[in-house]
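Residue-level listing of the chains:
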Amino acid sequence: MPVDWVAVSEAIRLGTTGRATEGLQLLMSHEATCESDRDRAAICNGKAMCYAHLGNFSEALAQIKTAKLLAGTERDLMLQIELAEAATRVLSSDYQIACALYEHIAVTYSDVLAEDHDSAQEFQERFGYALFYCER
């Protein structure tokens, strides 16, 4: 049975809106339905966001590392993973690292961002937030 992406999206939403433990549990329940490394990378990325919102930044970064390995050369997925990594750095108050990651994203994924309005808007908002807290 393939991954229920509607349910995964809901789990991620829960994980980033105050119900991270519940979102994480739901994501873990979907791991068994992954049919590809891309699926596994997306689930790891969602788990990373939940861990970050729970304040477990080391586990969040470990999930991001795993997601990157699984995503390989899939640029659209790598963009989302790197956005999650930068967001994790913001949540952990590592604003300088976050800004460096956002600068890397701007250069590396400019073509993907140009084609994906939603990701571009998310990127701009998050980068602006990090810059504000970096006092740049």
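Refer to the structure above for everything that follows.
As the structure is a prediction and not an experimental result, all values here were calculated from the model.

The subject of this paragraph is the overall build of the protein. When helices and strands are counted, the protein shows eight helices and zero strands. Ordered by position from N to C terminus, the α and β elements of the protein give α-α-α-α-α-α-α-α. Against the compact-globule benchmark of 14 Å for 136 residues, the protein has a radius of gyration of 14 Å, which places it among compact chains. By its C-alpha atoms, the protein is 45 × 30 × 25 Å across when sized along the principal axes.

This part takes up the side chain of Asn-45. Residue position: Asn-45 is located in helix H3 (residues 37-53). Setting aside chain neighbours within four positions, we find Asn-45 in contact with Ile-64, Ala-67, Gln-80, Ile-81 and Ala-84.

Using the criterion set out here, one finds three aromatic pairs in the structure. Consider the rings of Phe-123 and Phe-127, whose centres lie 5.6 Å apart with planes at 40°: the pair is tilted. Of this pair, Phe-123 and Phe-127 both sit in helix H8 (residues 117-134), four residues apart, which is roughly one turn of the helix. Comparing Phe-123 with Phe-127 shows no difference in burial state: the two are buried. Here the aromatic residues Tyr-102, Phe-123 and Phe-127 are joined through ring pairs into a cluster of three or more.

This paragraph deals with helix H6 (residues 95-108). For H6, with 14 residues, the first-to-last C-alpha span of 20 Å sits near the 20 Å given by 1.5 Å per residue. Looking at H6, one finds that the buried residues are Tyr-95, Ala-98, Cys-99, Leu-101, Tyr-102 and Ile-105. The buried residues of H6 occupy an angular sector of 160° when the element is viewed end-on, so they sit on one face. Residues of H6 that are exposed and point over 90 degrees away from its buried face: Gln-96 and Val-107. Looking at the buried positions of H6, the neighbouring elements they touch are helix H5 (75-91), helix H7 (110-115) and H8.

A few words on H5. Helix length check: H5 (17 residues) gives 24 Å between terminal C-alpha atoms against 24 Å at 1.5 Å per residue, within 8%. A positive phi of about 65° marks Ser-93, the residue just after H5.

H6 packs onto H5 with a crossing angle of 160° between their chain directions and a minimal axis gap of 8 Å. As summarised for this structure, H5 and H6 are arranged roughly antiparallel, according to the angle between their axes. Where H5 crosses over H6, the handedness of that crossing is left-handed. Contacts between H5 and H6 involve Arg-75, Leu-79, Glu-82, Leu-83, Glu-85, Ala-86, Ala-87, Arg-89 and Val-90 on the former and, on the latter, Tyr-95, Ile-97, Ala-98, Leu-101, Tyr-102, His-104, Ile-105 and Thr-108.

In this section: unusual backbone geometry. Not every positive phi belongs to a glycine, and Ser-93 is a case in point at roughly 65°. With respect to the element layout, Ser-93 can be found in the loop between H5 and H6. The partly exposed category is assigned to Ser-93, whose relative accessible area is 46%.

Thresholds applied
Residues numbered from 1 in each chain as written. Predicted model: local features only at pLDDT ≥ 70, side-chain atom pairs only at ≥ 80, totals over all residues. Heavy atoms only, no water. Helix = DSSP H or I, 4+ residues; strand = E, 2+ residues; numbered from the N terminus. Rg over C-alpha atoms; globule rule 2.2 N^0.38 Å. Contact = heavy atoms within 4.5 Å. Phe/Tyr/Trp six-rings, centres within 6.5 Å; stacked < 30°, edge-to-face > 60°. Buried < 20%, exposed > 50% of the residue type's maximum accessible area, 1.4 Å probe, protein only. Expected span 1.5 Å × (residues − 1). Arc of directions from axis to C-beta. Axes fitted to C-alpha atoms, helices over the stretch in contact; angles between N-to-C directions. Parallel < 35°, antiparallel > 145°, perpendicular 65-115°, else oblique. Left-handed = near helix turned anticlockwise from the far one by under 90°.

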